[in-house]
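This is what each chain is made of:
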Amino acid sequence: MSGKEFLESVDKVFDNAAKVLKLSASLSNQIKSPNATYKVNFGVRINNQIKTFTGYRCVHSDHLEPVKGGIRFSLLADQSEVEALAALMTYKCALVDIPFGGSKGALIIDPNSYNKFDLERITRRFSQELIKRDMINPSQNVPAPDMGTGEREMAWIADEYRRLNPVDINAFACVTGKPINKHGIRGRTEATGRGVQYAIREFFRHKKDMKLAKLQGTLEGKTIIVQGLGNVGYHAAKFLSEEDGAKVIGVIERDGAVYNKKGVDIEKLKKHILKTGSVKKYKGYKSSGENLLTENCDILIPAALEGVINKDNAKKIKANLIVEAANGPITYEADQILNKEKVIIPDLYANAGGVTVSYFEWVKNLSRIRFGRLHKRGEENKILNLISSVEEITGRKLNLSNKENIIKGSDEIDLVRSGLDDTMRSAYIAMSYRMHAKNKVKDLRTSAMSIALEKIALSYDTLGL
Ligand code: NAD
């Protein structure tokens, strides 16, 4: 799918939700249009030759600041794609009550074609271009990782910002998704995949939604196919199989797929990919990866790129539940075909775990204290005192097998997971409620978008434009 088609898809979903809300055309137009898109060409000397790179940063809506959204490194990126992704960020933040506007950035590059040292210089040069225009700034625009980038790139960006702004006490809040030793937060790397897990768990608490998807029982034993074993796909597949007893029977990657009816060992496969750079030669390898999208399974999790489920293959999809871990994996036409028969948990919601924990990281950076540091031991002492009192009153020693777990106060990772779980559960409940309560809202995507638009419209209204 081209960037233009992706943007059109996002806009069509927006228009459907605006119709449900009866938003005026003028307000709809204001919300929908990106505020500004900055395109930059810059040169870096590599192997004694100047190479020119092109990058983008789009601010879709700054009704709340800072604006937030990842930076991806991809050869397929273009202006429309960045604008579509930035728009999704605006709607996503509103849906899950994150007080940020929406933004997104991209550098047109295949990161695998450069060594670490060149990639660092290229990333720093791109960062300088964005920093000098306040398109990276803790109070205005805060990027995060996306496809092709991770905590290493975020650390380079943060360091570049700090060098250019040595007296900004909030410098490290200029970007999220940083390593722990560089002011990151525990649980950010896993956050998007963890959010996908929490989203699916919540779906299985809603009997009416399960009925729509023709699914019964619990997550245990359900079969899953995942596309993309990168940051998002790997964590989602790992947690769902290791913690919920689901069976990941297929993994689709860029150079083929792995299929095993009994369940693929995600940790082993990931190690194989990291070692060999490919899924080839792994047990169950199939060269025709795309075909696995239409294989029998209960849950399909596209976690790689946009437009992979389109009008050509939509009718062949067999999964009952499709969870959009990636941004825009289902085109608008495919969505129209699929949403009559299946339940789709939309990207807007399904991958919001990343920005949620990014928000926690930004708050941590501004407050300069690890979550849990103040109250962890106090919490433990209260529970110990309570146990002592019960023992004193009853005259009996409590024989608690998991006493340590009961006493343990909340650490940063516990608080992050709790905040993420609460965010994912609350948003799902609101989406599901609206889908069943409003006649005109027939699916979770329209429901999610209409909830987001309602909040953004209210924000514009109170801004008094
Ligand atoms: P990533 O670069 O870590 O992983 C992407 C994976 O997809 C890689 O393993 C890659 O080999 C694979 N892939 C690429 N092309 C493929 C193809 N044609 N078929 C099958 N697999 C293919 O990226 P990520 O951060 O995991 O992001 C994946 C998606 O999730 C993107 O749409 C991104 O926008 C979205 N997302 C990411 C985050 C985050 O926190 N990283 C947050 C929200 C949304």
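These numbers were taken from a predicted model, which means no experiment stands behind them.

Conventions adopted
Residues numbered from 1 in each chain as written. Predicted model: local features only at pLDDT ≥ 70, side-chain atom pairs only at ≥ 80, totals over all residues. Heavy atoms only, no water. Pairing = 2+ DSSP bridges. Helix = DSSP H or I, 4+ residues; strand = E, 2+ residues; numbered from the N terminus. Buried < 20%, exposed > 50% of the residue type's maximum accessible area, 1.4 Å probe, protein only. Near = heavy atom within 4 Å. Polar contact = N/O pair within 3.5 Å; in protein donor to acceptor, adjacent residues only side chain to side chain. Areas by Shrake-Rupley, 256 points an atom, 1.4 Å probe, with all protein chains shown as cover. Nonpolar A, V, L, I, M, F, W, Y, C, P; charged D, E, K, R; others polar. Domains from an automatic or database assignment. Axes fitted to C-alpha atoms, helices over the stretch in contact; angles between N-to-C directions. Phe/Tyr/Trp six-rings, centres within 6.5 Å; stacked < 30°, edge-to-face > 60°. Lys NZ or Arg CZ within 6 Å of the ring centre and 35° of its normal.

Trainee: Talk me through the sheet that holds strand β12 (residues 343–345); I want residue IDs and the actual numbers.
Mentor: Strands sit in the order β9-β8-β7-β6-β10-β11-β12 across an open sheet of seven strands; the sheet is mixed. Two strands close off the open sheet at either side, each with one partner strand: β9 (285–286) and β12. In the sheet, strand β7 (residues 247–253) pairs with strand β8 (residues 256–259) via four bridges, with the strands oriented antiparallel. Its bridge partner lying in β8, E253 is registered against G256.

Trainee: Would you mind going over the pairing of strand β5 (residues 141–145) in detail, with residue names and values included?
Mentor: Most of β5 sits inside the fold, with four of its five residues counted as buried. Across five bridges, strand β3 (residues 67–73) lies against β5 in parallel orientation. Looking at the pairing, V67 lines up with N141 of β5.

Trainee: Account for the site of the ligand, with residues named and values stated.
Mentor: Taken together, 22 residues lie around the ligand, and R72, D146, T192, E253 and N327 are the ones closest in. One nitrogen or oxygen atom from the side chain of R72 is found 2.9 Å from an oxygen atom belonging to the ligand. Within the backbone of N231, a nitrogen or oxygen atom sits 2.9 Å from an oxygen atom of the ligand. Calculation on the ligand without its partners gives an accessible area of 830 Å², and the protein chains cover 86% of this total. Looking at the shell around the ligand, the elements that each hand over two or more residues are α8 (231–244) and β7. For the shell around the ligand, a count of residues per class yields nine nonpolar, eight polar and five charged. Counting contributing residues, the shell around the ligand receives three or more from each of domain 1 (3–190 + 429–462) and domain 2 (214–341).

Trainee: Describe the sheet that holds β5, with residues and values.
Mentor: Sheet strands pair via backbone hydrogen bonds, and the direction of the pair is either parallel or antiparallel. The sheet built from five strands is open, its strands ordered β1-β2-β4-β3-β5 with mixed pairing. One side of each edge strand has no neighbouring strand; the edge strands of this open sheet are β1 (36–46) and β5. Here the average twist between neighbouring strands, direction ignored, is 25 degrees. Summarising the sheet, β3 and strand β4 (residues 101–107) pair through five bridges and their orientation is parallel. Its bridge partner being in β4, V67 is matched across the sheet by G101.

Trainee: How would you sum up the packing of aromatic side chains? Please name residues and give values.
Mentor: Enumeration according to the criterion identifies nine aromatic pairs in this entry. Note on F100 and Y359: the rings are 5.6 Å apart at their centroids and 90 degrees apart in plane angle, and the pair reads as edge-to-face. Of this pair, F100 sits in the loop between α3 (79–95) and β4 while Y359 sits in helix α12 (residues 353–367); the two residues are 259 residues apart in sequence, bridging distant segments of the chain. Take Y359: its relative accessible area is 22%, and that puts it in the partly exposed class. Feature note: the residues F42, F53, Y114 and F126 constitute an aromatic cluster, connected by ring pairs. Its end group placed over the ring of F53, K51 keeps NZ or CZ at 5.4 Å from the ring centre.

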